[in-house]
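# Coordinates in review
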Amino acid sequence: MKKLMLGNAAFARGLYEAGVTVVSSYPGTPSTEITEYAAEYDEIYAEWAPNEKVAMEVALGASIAGSRSFCGMKHVGLNVAADPLYTASYTGVNGGMVIAVADDPGMHSSQNEQDSRHHAIASKVLMVEPSDSAECKDFVKTSFELSEEYDVPVIVRMCTRVAHSQSAVEICDRVVPPQKEYTKNPQKYVMMPAFARGRHVFVEERTKKLTEYAEKSPLNKVIDNGGEIGIITSGISYQYAREAMGDKASYLKLGIINPLPVELIKNFCSKYKKVYVIEELDDIIETHCKKLGLDVVGKELFGYIGEFSQAIVAEKLLGVKNETVSFDGNVPVRPPVMCAGCPHRGLFYCLSKNKITVSGDIGCYTLGASAPLAAMDTTICMGASISALHGFNKARGEEAEKSTVAVIGDSTFMHSGMTGLVNIAYNSTNSTVIILDNSITGMTGHQQNPTTGKNLKGDPAAAVNLEELCKAIGIKRVRVVDPYNLAETEAAIKEELAVPEASVIISRRPCALLKYVKHKPALKVVSDKCKGCKMCLKLGCPAISVRDGKAVIDHTQCVGCGICTEVCKFGAIED
Amino acid sequence: MNTRSIMIVGVGGQGSLLASRLLGNVLLAQGHDVKVSEVHGMSQRGGSVVTYVKYGDEVWSPVIEKGEADVIISFEQLEAARWLPYLKKGGKLITSTQKLDPMPVITGAAEYPDDIIEKLTAAGVEVTAVDALALAEQAGIAKASNVALMGVVAAKTDFDDKLWQDALEQCVPPKFLELNKKAFELGKASA
């Protein structure tokens, strides 16, 4: 039976059919749904780990124990998990181990546009790249076989357009291979220098064997349409090239992108007068070809930035452009915003009002950087808000300590924020850290985390008590505020900045989109009382706008959070 | 048949994901090769959101580029204007008349354009404008304006009604199914 499936759902189906029993991941767009779909299969144990490093180590442990295992993450998550990855390459596997890494060309939901193929090359593991949902499922199943045959963790590289596109998939049954025997083998699994030296020799031999495999693997396909143009490509770029060029070109579609084949590429290039390499982000395949002395054209036409499309391929290779219709008038941009009722809004309003310097982090609350709140000065990577605040304060001293805070979400704090807080306590700055505890991992679409009291399957779980954790780390001043109460929140920020001591403010209120959160009726503006001062617009609430000089509240969006009633000096907003 | 391209545009939270999944399921049941492309994450938070639905004998790229869409379905007027350049010459536009101010309009940095529907028509596009929110509210479920608009789409296409009903049952949670079906029927009747 054919079913329309999201690439990530097909990936999860592949895990199921391949007999995976242990899954551990950290959410990150566009990889999150792989693990969510995997958790829907009762036969698979699936969990959210606190971060990607932990997730990969869990998966490796399960593999060493003899089971097929998986961990999934976005491209920047693989940086966090790079430490176990580079050594997992040395230990190899027992049961097959597959890692999903999802790149985000075009940065739909990411802080950089890195190309994760570099990690596969540097860690010397096998990497494959599917180009639609059917391939997601098939490549995952093949990857487990290859992982076990070649004693190597396999990375399946996804990208936004493959992960979040639906296409038809043929469903098969689950086949669970018998669990491999576990036998103590320190030469393979204890990576101290004496043993690791031996494993490095193995890794180099394995790369040779994998390269030989890549020469003849069915994952690498030639589509020979004759003609003078050859295109070497992989993943989603293949789909763009195929749509733009159809039968006017021949294709070498690489399913294995590390290691790359040599003879296969040389043979392909010898058949065509002109060969193009079409790959998003970096020039990995192109550089490989050029090292082999092959005359190919790639980045000089296509560049390194953003997503490609069939239109870009057609324009670069055929010189054709589509005719378009245009709108006569200015169309204002529509950037993403914090939702109506978002608990982060009240906190950011207080920070903005007091012109506080804000060391920011990764999550929905990064939107606090946007106008009109504009209350964020830096955003770097998961957890960096706290450690960068400490550095900022060390550099600028007391003046900064009294006017600078870090903001970080509950999930991000558990991911890698708490080590930064340990540093603040241990190496003492009078820093003020605000944990935005909305009781969920918000931006990636509501995943549970170690503070929420539920696990991935929705069952009750141990919950980390943030207040106790911060105290145990060595922060004496820990207090909780409700960000719907602006007066309380503002007073807390001012007090904690003023004291010559490190402190943590927990700004606590569940995400307004959580199903269990009860909304109040929409608020109304009493037109006679509204003076049109536009103070309420400073909140940046999408439900409030001004029509004919008076504020109006969109009843379809307003959830009655009430912070606008606190900023209106004329009492013009009522229940 | 050649690949046909439909874009569904709106504001994050208006339900373009569900609408694209409905359409995708109907097209797959018709025996087409189908690709549906969605964007999740950051842009969903009240930003401009677009999903692509493509079908034909064999669909390659899941995305739609400027000048390629046969039909654009829009849940909001300004978004219809924003994505207009993606419409093929001679393509059709079906839009809800709902207006949602983007943040630059709320803060006063920009103005919401006047007479969008008139300007779209003046650009030579065949426009169907429907108050989908009013239809959904009439059905008793304001959130189903997406499904009401898909009812309009159903009336303008010739796919078997059973396929739409099946797709609704597959994509809408059982708790809200009856109200969504009502919104769908009101949309269909309005076209």
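No experiment lies behind these values; they were computed from the predicted model shown. (Residues numbered from 1 in each chain as written. Chains lettered and ligands numbered in written order. Predicted model: local features only at pLDDT ≥ 70, side-chain atom pairs only at ≥ 80, totals over all residues. Heavy atoms only, no water.)

### With respect to the overall build of chain B
Basically, it comes down to this: Comment: elements are numbered from the N terminus, with helices defined as DSSP H or I runs of at least four residues and strands as E runs of at least two. It is over C-alpha atoms that the radius of gyration is taken, and the globule rule equals 2.2 Å times the number of residues to the power 0.38. Working definition: with a 1.4 Å probe on protein chains only, accessible area under 20% of the residue-type maximum means buried, over 50% means exposed, and in between means partly exposed. Residue contacts are counted whenever heavy atoms from the two residues lie within 4.5 Å of one another. Accessible areas in this description were obtained via Shrake-Rupley with a 1.4 Å probe; residue shielding takes into account the shown protein chains only.
Across its full length, chain B carries 8 helices and 6 strands. When the helices and strands of chain B are listed from N to C terminus, the series reads β-α-β-β-β-α-β-α-α-β-α-α-α-α. Over its C-alpha atoms chain B spans a radius of gyration of 16 Å, differing by no more than 12% from the 16 Å that the globule rule assigns to 191 residues. Oriented by its inertia axes, the alpha-carbon framework of chain B measures out at about 45 × 40 × 35 Å. By residue count, 63% of the 191 residues in chain B fall in the buried class. In chain B, of all internal contacts separated by at least 6 residues, the share reaching a separation of at least 24 is 63%. Total accessible area on chain B is roughly 7200 Å²; 49% of this is exposed by carbon and sulfur atoms.

### Digging into the overall build of chain A
The line we're drawing: Counting rule applied: Lys, Arg positive; Asp, Glu negative; His and chain ends not counted. A charge is said to be at NZ when it belongs to Lys, at CZ for Arg, at CG for Asp and at CD for Glu.
Scanning chain A from terminus to terminus reveals 22 helices and 23 strands. A total accessible area of about 22700 Å² is found for chain A, and carbon and sulfur atoms account for 53% of it. The centroid of the 62 positive side-chain charges in chain A is displaced by 3 Å from the centroid of its 67 negative side-chain charges.

### Side note on the sheet that holds strand 9 (residues 221-223) of chain A
All names here are of chain A. Inclusion rule: When DSSP locates at least two bridges between a pair of strands, those strands are taken to pair.
Reading across from one edge, 9-11-10-13-14 is the order of the 5 strands in this open sheet, with mixed pairing throughout. At either margin of the open sheet sits one strand with a lone partner, and together these are strand 9 and strand 14 (296-297). Two strands pair when backbone bridges link them, and strand 10 (residues 229-234) and strand 13 (residues 274-278) are joined in this way by 5 bridges, in the parallel orientation. Directly across from Gly230, in strand 13, lies its bridge partner Val275.

### Re the interface of chain A and chain B
Selection criterion: Here the quantity called buried area is the total loss of accessible area, with a 1.4 Å probe, experienced by two parts when brought into contact, counted for both. The working definition used for a salt bridge is a side-chain nitrogen of Lys or Arg within 4 Å of a carboxyl oxygen of Asp or Glu. The definition of a polar contact used here is a pair of N or O atoms within 3.5 Å, where within protein one atom must be able to donate a hydrogen and the other to accept one, and adjacent residues in sequence count solely through side-chain atom pairs. Charged residues are taken to be Asp, Glu, Lys and Arg, nonpolar residues to be Ala, Val, Leu, Ile, Met, Phe, Trp, Tyr, Cys and Pro, and polar residues to be all remaining types, Gly included.
Contacts between chain A and chain B engage 60 residues on the former and 58 residues on the latter. Between chain A and chain B, the buried area comes to about 5000 Å², and carbon and sulfur atoms account for 60% of it. Sorting the residues of chain A by area buried against chain B places A:Val325, A:Phe327 and A:Arg334 first, and these three jointly supply 18% of that buried surface. Inspection of the region where chain A meets chain B yields 5 salt bridges. Between A:Arg334 and B:Glu76 there is a salt bridge, with its nearest N and O atoms 3.1 Å apart. Run the count over chain A and chain B and you get 21 residue pairs in polar contact (both at pLDDT 80 or more). With 6 residues, helix 11 (residues 235-245) of chain A is the single largest residue contributor to the side of chain A that touches chain B. Along the lines of polarity and charge, the residues of the side of chain A that touches chain B split into 27 nonpolar, 21 polar and 12 charged. With 3 bridges joining them, strand 8 (residues 165-170) of chain A and strand 2 (residues 33-37) of chain B adopt antiparallel strand pairing. Each residue of the ladder has a partner; that of A:Ser165, found in strand 2 of chain B, is B:Ser37.

### Description of the packing of helix 5 (residues 82-91) of chain A against helix 10 (residues 193-216) of chain A
All names here are of chain A. Which entries qualify depends on this criterion: Angular values range over 0 to 180 degrees, each being the angle between N-to-C directions of two axes fitted as lines to C-alpha atoms, with helices fitted over their stretch in contact. Reported orientations rely on four angle classes, namely roughly parallel under 35 degrees, roughly antiparallel over 145, roughly perpendicular from 65 to 115, and oblique for the rest.
Relative orientation of the contacting elements helix 5 and helix 10 amounts to 85 degrees, with a least axis distance of 8 Å. One element, helix 5, and the other, helix 10, form an angle in the roughly perpendicular class. For the pair formed by helix 5 and helix 10, the contact residues are Ser89, Tyr90 and Thr91 on the first element and Ala196, Arg199, His200, Val203 and Arg206 on the second. Here the contact of helix 5 with helix 10 is built from residues that sort into 3 nonpolar, 3 polar and 2 charged.

### A look at the side chain of B:Lys181
Tracing the chain through its elements places B:Lys181 in helix 8 (residues 174-190). Polar contacts involving the side chain of B:Lys181 include one to the side chain of B:Glu169, which spans 2.7 Å.

### Remarks on the pairing of strand 8 of chain A
Residues and elements named next belong to chain A. Counting buried positions over the 6 residues of strand 8 gives 5, a clear majority of the element. Sheet topology note: the strand 1 (residues 2-6)/strand 8 ladder contains 5 bridges and is antiparallel. Paired with Leu6 across the bridge in strand 8 is Gln166.

### What to know about the packing of aromatic side chains
Definition in use: Any Phe, Tyr or Trp ring, taking Trp's six-membered ring, that has another such ring centre within 6.5 Å forms a pair; planes under 30 degrees apart are called stacked, those over 60 apart edge-to-face, and the others tilted.
Under the defined criterion, the tally for this structure stands at 9 aromatic pairs over all chains. Look at A:Phe11 and A:Phe70: their rings are 5.4 Å apart centre to centre, the planes differ by 55 degrees, and that puts the pair in the tilted class. Here A:Phe70 lies in strand 4 (residues 69-74) and A:Phe11 lies in helix 1 (residues 7-17), a separation of 59 residues in the sequence. The pair A:Phe11 / A:Phe70 is uniform in exposure class, with both members buried. A ring pair is formed by B:Trp164 and B:Phe184, whose centres lie 5.6 Å apart and whose planes are at 40 degrees; its orientation type is tilted. Taken together, the positions of B:Trp164 in helix 7 (residues 161-171) and B:Phe184 in helix 8 put the pair 20 residues apart, joining distant regions of the chain.

### Describing the nonpolar core
Within soluble globular proteins, side chains that are nonpolar generally end up buried alongside one another. Rules: Note on terminology: a nonpolar core comprises buried Ala, Val, Leu, Ile, Met, Phe, Trp, Tyr and Cys residues joined through side-chain atoms within 4.5 Å.
In this structure, A:Phe11, A:Leu15, A:Ile232 and B:Met7 are the most contacted members of the largest nonpolar core, which totals 125 residues. Ignoring any residue separated from it by four or fewer positions in sequence, one finds A:Leu15 in contact with A:Val20, A:Val23, A:Ile34, A:Ala38, A:Ile44, A:Phe70, A:Val140, A:Phe144 and A:Arg174. In this structure, A:Val478, A:Met535, A:Cys536 and A:Ala543 belong to the second largest nonpolar core, which totals 67 residues.

### Here's the deal with the pattern of salt bridges
All names here are of chain A. With the rule as written, the count across this model stands at 41 salt bridges over all chains. Where Arg479 meets Glu495, a salt bridge forms, and the shortest distance between an N and an O atom there is 2.9 Å. Taken together, the positions of Arg479 in strand 18 (residues 477-481) and Glu495 in helix 21 (residues 486-498) put the pair 16 residues apart, joining distant regions of the chain. Given the relative accessible area of 25%, Arg479 is considered partly exposed.

### Concerning the sheet that holds strand 19 (residues 503-508) of chain A
Residue and element names in this part refer to chain A. Spatial strand order, 15-16-17-19-18: 5 strands in an open sheet with parallel pairing. The open sheet is flanked by strand 15 (357-359) and strand 18, the only strands paired with a single partner. Neighbour-to-neighbour, the strand axes of the sheet open up by a mean angle of 25 degrees, direction not taken into account. Pairing analysis gives 5 bridges linking strand 18 to strand 19, with the strands arranged parallel. Residue pairing for strand 19: Arg477 is matched across the bridge by Ser503. This element, helix 19 (residues 410-426), spans strand 16 (404-409), strand 17 (432-437) and strand 19 of the sheet and lies at about 145 degrees to strand 16. Across the sheet, helix 21 touches strand 16, strand 17, strand 18 and strand 19, and the angle it forms with strand 18 is around 165 degrees.

### Looking at helix 1 (residues 16-29) of chain B
All names here are of chain B. Rules: Expected span, for any helix, means 1.5 Å times one less than how many residues it has.
Taking 1.5 Å as the rise per residue, helix 1 with 14 residues should run 20 Å; its terminal C-alpha atoms sit 20 Å apart, in good agreement. Counting buried positions along helix 1 gives 10 out of 14 residues, so the element sits mostly inside the fold. For helix 1, the set of buried residues is Ser16, Ala19, Ser20, Leu22, Leu23, Gly24, Asn25, Val26, Leu27 and Leu28.

### As for the side chain of A:His288
Here A:His288 is to be found in helix 13 (residues 284-291). The residues contacting A:His288, other than those within four sequence positions of it, are A:Leu260, A:Pro261, A:Val262 and A:Ile265.

### Regarding unusual backbone geometry
Glycine aside, residues mostly have negative phi, and peptide bonds are mostly found in the trans state. All names here are of chain A. A cis amide bond links Thr29 to the next residue, Pro30, at an omega of 10 degrees. Of note, the amide linkage connecting Ala371 to Pro372 takes the cis form, showing an omega dihedral of 0 degrees. Within the fold, Pro372 resides in the loop between strand 15 and helix 17 (384-396). Positive phi, normally seen in glycine, also occurs at Asp151, with a value near 55 degrees. Here Asp151 falls in the buried class, since its relative accessible area comes to 15%. Phi angles above zero are rare outside glycine, and Ser428 is one such case at about 35 degrees. Tracing the backbone through its elements, the reader meets Ser428 in the loop between helix 19 and strand 17.

By themselves, these figures tell us nothing about what the structure is for.
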